[in-house]
Amino acid sequence: MLEARHVGLSYGATRALSDVSLRIDRGGSVALMGASGSGKSSLLHCLAGVVVPDEGEVVVGGIELTGLSDRDRSRLRLERMGVVFQFGDLVPELTLLENVMLPLQLLGHRSGPARARGLDLLGVLGIAELANSSTGAVSGGQAQRAAVARAMIHEPAMVLADEPTGALDSINAEAILDALVAMTTSTGTTLLVVTHDNLVASHLQTMVTMHDGSILSPAAGAPA
Amino acid sequence: MRLAGLRCRVPESCIHRSSPARVAPWVYLWSIVLKVSSTEAVLALLEPEPAYGYTLKHQYDRWFGRKRPLGFGQVYSTLSRLERKGWIAQSQVQAGHGPERRLYEITADGVTAIDGWVGTPQAPDLFATSSLYARVTVALLSGRDAGQVLAGQRKVHLERMRELQASRRQAQGPDLLAITYELTHLDADLRWIEESGTRLTSMTGEDGGAIDA
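Residues numbered from 1 in each chain as written. Chains lettered and ligands numbered in written order. Predicted model: local features only at pLDDT ≥ 70, side-chain atom pairs only at ≥ 80, totals over all residues.

## Overview of the overall build of chain A
Along its length, chain A carries 7 helices and 10 strands. On C-alpha atoms alone, chain A measures out to a radius of gyration of 17 Å, which is about the 17 Å that the 2.2 N^0.38 rule sets for 224 residues. Dimensions of chain A, computed from C-alpha atoms along their principal axes, come out at roughly 45 × 40 × 30 Å. With 224 residues in all, chain A has 47% of them scored as buried. The contacts of chain A with a sequence gap of at least 6 include a subset with a gap of at least 24, amounting to 68%. (Helix = DSSP H or I, 4+ residues; strand = E, 2+ residues; numbered from the N terminus. Rg over C-alpha atoms; globule rule 2.2 N^0.38 Å. Buried ≥ 20, exposed ≤ 12 C-beta atoms within 10 Å, placed from the backbone. Contact = placed C-beta atoms within 7 Å.)

Structure, rendered in structure tokens:
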């Protein structure tokens, strides 16, 4: 379960989040929508433990994030979360497979099983033949598939995706979302996708809309 | 309450003031529709004050029928239908040299029917928005909550899009094209709904209660 309780956040004089409460049950999928500047990315950063809110609490799988040190929050993020960004953010010095294996290697897994698992996931996503390609040699859609594999390889409890298809054409976007939804559904992984696109939102069970740092609807992750 | 070209004689109890708005004339340019439900639209035109069929035909054409003006025959068949339903009544009949002139007025049941029509989201088929325009326009003209009309339709659209996404994952060939065609159009509707929601905020005057056109 992922939960924000009365979260508030300011950047200097700018109020980014005001009294935001949101709960996503295990296995649920939520689209976090809103215009640019509405606070959706700030909320995502708080839920991921990248930013500590000024007020309120963030609870991830029963652990209150705001009380943890930076190091412990990083560890919890590594163990329990997968993250997908708009542009994939793969490490350019590594191949696609090495990028996908990264979370398992950081968690201390042996490279043999990590490699096998990575190849398996790349196969599921239809790009096994690109495993040894450099990130610069593949298309945006292929790089984003690798980013999805990297987010899922360590079987996280939740995947947080920030505009994961924002840089893709509609056919590639559809394929990425289908893959994300299918993989998270089959593993019971909670999925939160930040988007401003209704077509993206329609892939997910629930939609939450933000405006001026507050949640407009629904109040706490109820079906929308 | 002021409506475009109309002086309101509706009893105060029949006037909805849940979200009064003051709207500039240009608002109605984009509110004019290609095709709407003439029955409900004609009924809504009788809400501000009683009117003759001739007047209703011209008001309908102004607000709803730019590309599809209503024929006089359609006006009178619609009025007969509304009268049978008990939503309007003849308040006055003037005899003269030509045909009798009948003045029609809305009944309390008629006002309730408009409430239901404006407030009930439609099945989100491909042409839902043309009638959505009409419901939003009537909401704006009558002081009902146009934002609620948009929000209700948005919810229904999203539910339909989720259904379509689930079907798309199994679909192939022409079925797939049909589903993505509908999805794309619903997405366009939603963008219009969201944009209109934003515009509604700027249309609402501080004094409230009055609509000019």
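Now that the structure has been shown, the text picks up again.
## Quick look at the packing of helix H3 (residues 96–106) of chain A against helix H5 (residues 140–152) of chain A
Residues and elements named next belong to chain A. Interaxial distance between H3 and H5 falls to 7 Å at its minimum, and their mutual angle equals 25 degrees. Judged by the inter-axis angle, H3 sits roughly parallel to H5. By crossing handedness, the relation of H3 to H5 is classed as right-handed. Across from Leu-96, Asn-99, Val-100, Leu-102 and Pro-103 in H3, the residues of H5 making contact are Ala-146, Ala-149 and Arg-150. Tallied by class, residues from the contact of H3 with H5 come to 6 nonpolar, 1 polar and 1 charged. (Axes fitted to C-alpha atoms, helices over the stretch in contact; angles between N-to-C directions. Parallel < 35°, antiparallel > 145°, perpendicular 65-115°, else oblique. Left-handed = near helix turned anticlockwise from the far one by under 90°. Nonpolar A, V, L, I, M, F, W, Y, C, P; charged D, E, K, R; others polar.)

## Some words on the sheet that holds strand S1 (residues 2–11) of chain A
All names here are of chain A. One open sheet accounts for 4 strands, arranged S2-S1-S4-S5; its pairing is antiparallel. Two strands bound the open sheet, and with one partner strand each, they are strand S2 (14–24) and strand S5 (63–64). Note that S1 and strand S4 (residues 55–60) share 5 bridges and pair antiparallel. Residue pairing for S4: Leu-2 is matched across the bridge by Val-60. Against the sheet, helix H1 (residues 40–48) engages S1, S2 and S4, with an angle of about 120 degrees to S1. (Pairing = 2+ DSSP bridges.)

## What to know about the interface of chain A and chain B
Contact residues are listed per partner, giving 7 residues for chain A and 9 residues for chain B. By residue class, the composition of the side of chain A that touches chain B is 3 nonpolar, 3 polar and 1 charged.

## Things to note about the nonpolar core
Ranked by size, the top nonpolar core spans 105 residues in total, and within it A:Leu32, A:Leu47, A:Leu160, A:Leu192 and B:Leu43 carry the most contacts. The element contributing the most residues to this core is helix H5 (residues 128–142) of chain B, with 8 residues. Ignoring any residue separated from it by four or fewer positions in sequence, one finds A:Leu47 in contact with A:Leu2, A:Ala4, A:Val58, A:Leu160 and A:Leu192. (Core = buried A, V, L, I, M, F, W, Y, C linked by C-beta atoms within 7 Å.)

## Brief notes about the sheet that holds strand S5 (residues 101–106) of chain B
Residues and elements named next belong to chain B. In space, the 3 strands of this open sheet follow the order S3-S5-S4, with antiparallel pairing throughout. Each having just a single partner strand, strand S3 (51–52) and strand S4 (88–94) make up the two edges of the open sheet. Looking at chain direction, S4 and S5 are connected through 6 bridges and run antiparallel. From the neighbouring strand, Gln-92 faces S5, where its bridge partner is Leu-103.

## Some remarks on the pairing of strand S8 (residues 190–194) of chain A
Residues and elements named next belong to chain A. Extensive coverage of S8 is indicated by the burial of 5 of its 5 residues. Residues of S8 alternate between two faces, with Thr-190, Leu-192 and Val-194 on one and Leu-191 and Val-193 on the opposite face, all of them buried. With 4 bridges connecting them, strand S3 (residues 29–34) and S8 associate as parallel partners. Each residue of the ladder has a partner; that of Ala-31, found in S8, is Val-193. Regarding the hand of the β-α-β motif, the stretch spanning strand S7 (residues 158–162), helix H6 (residues 170–187) and S8 is right-handed. (Right-handed = clockwise from strand over helix to strand, strands pointing away.)

## Let's talk about the environment of A:Met207
Mapped onto the elements, A:Met207 comes out in strand S9 (residues 206–211). Expressed as a C-alpha distance, the spacing of A:Met207 and A:Ser29, which sit 178 residues apart in the sequence, is 8.7 Å.

No statement about biological role is implied by the geometric values presented.
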